Amino acid sequence: MTPIKVMSIFGTRPEAIKMAPLLLELDRRPEFESVSCLTAQHREMLDSVMSLFDLVAPYDLDIMEPGQTLTTITAKALTGLGKVLAEAKPDFVLVHGDTTTTLAAALAAFYAKIPVGHVEAGLRSGDIYSPYPEEMNRRLVSQIAALHFAPTAGNAANLRREGITDGVFITGNTVIDAMKYTVPRFSGAFESDLDRIDWKTRRVITLTCHRRENFGAPMAEIFTAAKILVERHSDVTLIYPVHPNPIVQTAAREILGGRERIFLIDPLDTVQMHALLARSYLVLTDSGGLQEEAPALGKPVLVLRKETERPEAIQAGTACLAGVECDNILCLAERLLTDPTAYEAMAKARNPYGDGHASTRIADAILWYFGRKADPPANFNP
Ligand code: UD1
Ligand code: UDP
């Protein structure tokens, strides 16, 4: 029987990390011909993931520009993808999450009348401007997709509320599959300045912050809170792998640069990043992926946003919505640094986001959709 030609289209670091285990799963199965197309909305950060997971993409649009805008990413991706789809003629297109690449890829596939599978479907914050533009991107992709791979039951319920009931599968998040790959691969040594840290005596706070809605005043508040925390606690070291966006780089250097016990470092490869999380005392982040990874490693997370589309970790007690005001962030972080009972209550490994088998369920669901499997996969049930 001819294999089903599945084209996975992605372009940023988090999409690559979360698609990687699924690509490996599709490659393992003779029923699929799996090909990837990179928009390369990100460049170095994307290439780092591709090489870590030993992935090769036959198509690469290489669209990234310094300081790119939403319209240029969308226009360049859409034009390039139209040509790739016309040439490659896949039977099915996979997209991931909520980036501008995700929306452009789903739209290009729709224009070519190719069915789309949406990995990490159904996350909703309820506010189209936060996260911006991600909330709108994922809502629009839900209108296009034929199959919706919702990580959690809550995500599937969000889709139901919008009238989307067909082709919805609760799969768990593929990031947990990715961690099964990355965590055992850590050599025990960090490659950057981090090898200078005495992990036994330091309490390490890991910070990441890059969201567009946090640019400007919120980011300044967040960085100021981080700076004060380090000043107040002599046993605390702050590690911040800074996103290469020039806006983020400038703000980070201005407030946190040149200070004792604050490491502003280049982005880490994902094996090193997960090892850093595993050795951290506390995680401060506005990242989506880190909100899912830190709970799996038993690390408390303060979410540096006003809302989150990932309420599961908050309900499980391992994450807390800290907002973007300095005083509030400080107050919550201080408690975790000074009150062992409060810390222990949050620092329990919990895994509301997956069981490491999301990729298997997604591959099975695609086979079922194409009539190559009698039954759909059973849902993930934490
Ligand atoms: C994008 C996604 C966001 C996701 C984030 C993950 C959109 C609109 N945003 O935001 O949802 O959370 O990726 O990191 O799709 N840059 C580099 N090298 C890289 C990557 C980025 O230099 O490898 C710099 C470039 O100057 C680029 C800028 O960062 O123009 C911004 O990149 P962009 O993809 O537009 O936005 P992100 O904030 O990364
Ligand atoms: N990450 C990484 N190196 C870093 C910072 C983050 O590998 O220096 C990983 C992180 O572990 C997670 C993903 O990148 O898997 C999250 O990406 P990001 O925060 O850029 O995007 P988001 O998840 O917010 O869309």
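Everything here concerns the structure above.
Keep in mind that this is a model prediction, so the values were computed, not measured. (Residues numbered from 1 in each chain as written. Chains lettered and ligands numbered in written order. Predicted model: local features only at pLDDT ≥ 70, side-chain atom pairs only at ≥ 80, totals over all residues. Heavy atoms only, no water.)

**Q** What's the story with the side chain of Arg 29 in this structure? I'm lost.
**A** Within the secondary structure layout, Arg 29 lies in the loop between helix H1 (13–28) and strand E2 (32–38). Among the polar contacts made by the side chain of Arg 29, one reaches the side chain of Asp 364 at a distance of 2.7 Å. If near-sequence neighbours (up to four positions away) are discounted, Arg 29 is found in contact with Thr 360, Ala 363, Asp 364 and Leu 367. (Helix = DSSP H or I, 4+ residues; strand = E, 2+ residues; numbered from the N terminus. Polar contact = N/O pair within 3.5 Å; in protein donor to acceptor, adjacent residues only side chain to side chain. Contact = heavy atoms within 4.5 Å.)

**Q** I tried to follow the packing of aromatic side chains on my own but got confused; where do I start?
**A** Inspection of every chain in the model, using the stated rule, returns 12 aromatic pairs. Ring plane angle 35 degrees and centroid distance 5.9 Å describe the contact between Tyr 129 and Tyr 132, whose orientation is recorded as tilted. Ring geometry for Phe 186 versus Phe 190: centroids 4.9 Å apart, planes at 50 degrees, classification tilted. Across this residue pair, the class does not change: Phe 186 and Phe 190 are buried. Put simply, the rings of Phe 92, Tyr 369 and Phe 370 touch in pairs and so form one group of aromatic residues. A cation over a ring is seen here: Arg 185 above Tyr 181, with NZ or CZ 3.6 Å from the ring centre. (Phe/Tyr/Trp six-rings, centres within 6.5 Å; stacked < 30°, edge-to-face > 60°. Buried < 20%, exposed > 50% of the residue type's maximum accessible area, 1.4 Å probe, protein only. Lys NZ or Arg CZ within 6 Å of the ring centre and 35° of its normal.)

**Q** For this particular structure, what's the right way to read the site of ligand 1?
**A** Taken together, 25 residues are adjacent to ligand 1, and Gln 41, His 42, Glu 65, Glu 134 and His 243 come closest. Measuring from an oxygen atom of ligand 1, one finds a side-chain N or O atom of His 42 at 2.6 Å. Measuring from an oxygen atom of ligand 1, one finds a side-chain N or O atom of Glu 134 at 2.4 Å. Burial of ligand 1 by the surrounding chains reaches 95%, relative to a free accessible area of 750 Å². At the level of elements, helix H2 (44–52) and helix H3 (70–88) are the ones that each hand at least two residues to the shell around ligand 1. In terms of residue class, the shell around ligand 1 is made up of 9 nonpolar, 10 polar and 6 charged. (Near = heavy atom within 4 Å. Areas by Shrake-Rupley, 256 points an atom, 1.4 Å probe, with all protein chains shown as cover. Nonpolar A, V, L, I, M, F, W, Y, C, P; charged D, E, K, R; others polar.)

**Q** Looking at this structure, I do not really get the site of ligand 2. What am I missing?
**A** Near ligand 2 you find 16 residues, and of these Arg 13, Leu 268, Ser 287, Gly 289 and Glu 293 are the closest. The contact in question runs from an oxygen atom of ligand 2 to an N or O atom on the side chain of Ser 287, over 2.8 Å. Within the contact set of ligand 2, an oxygen atom lies 2.8 Å away from a backbone nitrogen or oxygen of Gly 288. Of all the secondary-structure elements, those providing two or more residues to the shell around ligand 2 are H1, helix H10 (270–279) and helix H11 (288–296). The biggest single contributor to the shell around ligand 2 is H11, with 4 residues. Taken together, the residues of the shell around ligand 2 break down into 7 nonpolar, 6 polar and 3 charged.

**Q** When you look at the environment of Ala 40 in this model, what are you seeing that I'm missing?
**A** For Ala 40, the location among the structural elements is in the loop between E2 and H2. A residue is classified by how much of its surface remains accessible, and Ala 40, at 0% relative accessible area, is buried. Taking C-alpha positions, Ala 40 is 15 Å from Lys 18, a pair spaced 22 residues apart along the chain. Contacts of Ala 40, omitting those with residues within four sequence positions, involve Phe 10, Gly 11, Leu 46, Asp 60, Asp 62, Ile 63 and Met 64.

**Q** I keep staring at the side chain of Asn 214 and nothing clicks. Help me out?
**A** Within the secondary structure, Asn 214 is located in the loop between strand E8 (203–208) and helix H8 (217–232). A distance of 3.1 Å separates polar atoms of two side chains, one belonging to Asn 214 and the other to Asp 286. Once residues lying within four places of it in the same chain are set aside, the contact partners of Asn 214 are Cys 209, Met 219, Ile 222, Asp 286, Leu 304, Arg 305 and Val 324.

**Q** Please explain H10 as it appears in this structure.
**A** Quick reminder: α-helices carry 3.6 residues per turn. Residues three or four places apart thus point the same way. Of all 10 residues in H10, 8 are buried, a share of seventy percent or more. Among the residues making up H10, those that are buried are Thr 270, Val 271, Gln 272, Met 273, His 274, Ala 275, Leu 276 and Leu 277.

**Q** Could you clarify how one ought to interpret empty space enclosed by the protein in this entry?
**A** If a probe the size of a water molecule is rolled over the atoms, the empty space left behind becomes visible. Summed over all chains, the structure comprises 1 cavity of 30 Å³ or more. The computed volume of the largest cavity comes to approximately 30 Å³. Taken together, Leu 123, Pro 151, Thr 152, Asn 155, Asn 173, Glu 292, Glu 309, Arg 310, Glu 312 and Tyr 353 form the lining of the largest cavity. Of the residues belonging to the lining of the largest cavity, the class tally is 3 nonpolar, 3 polar and 4 charged. (1 Å grid on protein atoms, 1.4 Å probe; cavity = no way out; pocket = protein on both sides within 12 Å on 5 of 7 lines; lining within 4 Å. Points joined across faces, edges and corners; volume = space filled by probe spheres on them.)

**Q** Explanation requested: the pairing of strand E11 (residues 282–285) in the structure shown.
**A** Within a regular strand, the side chains alternate between the two sheet faces. Alternating residues of E11 divide into Leu 282 and Leu 284 and Val 283 and Thr 285, and every residue in both groups is buried. Here E8 runs beside E11; their pairing, made up of 4 bridges, is parallel. Bridge pairing links Leu 207 to Leu 284 in E11. Across 3 bridges, E11 lies against strand E12 (residues 301–303) in parallel orientation. For Leu 284, the partnering residue across the bridge sits in E12 and is Leu 302. Between the parallel pair E11 and E12, the chain is carried across by H11, and the sense of this crossover is right-handed. (Pairing = 2+ DSSP bridges. Right-handed = clockwise from strand over helix to strand, strands pointing away.)

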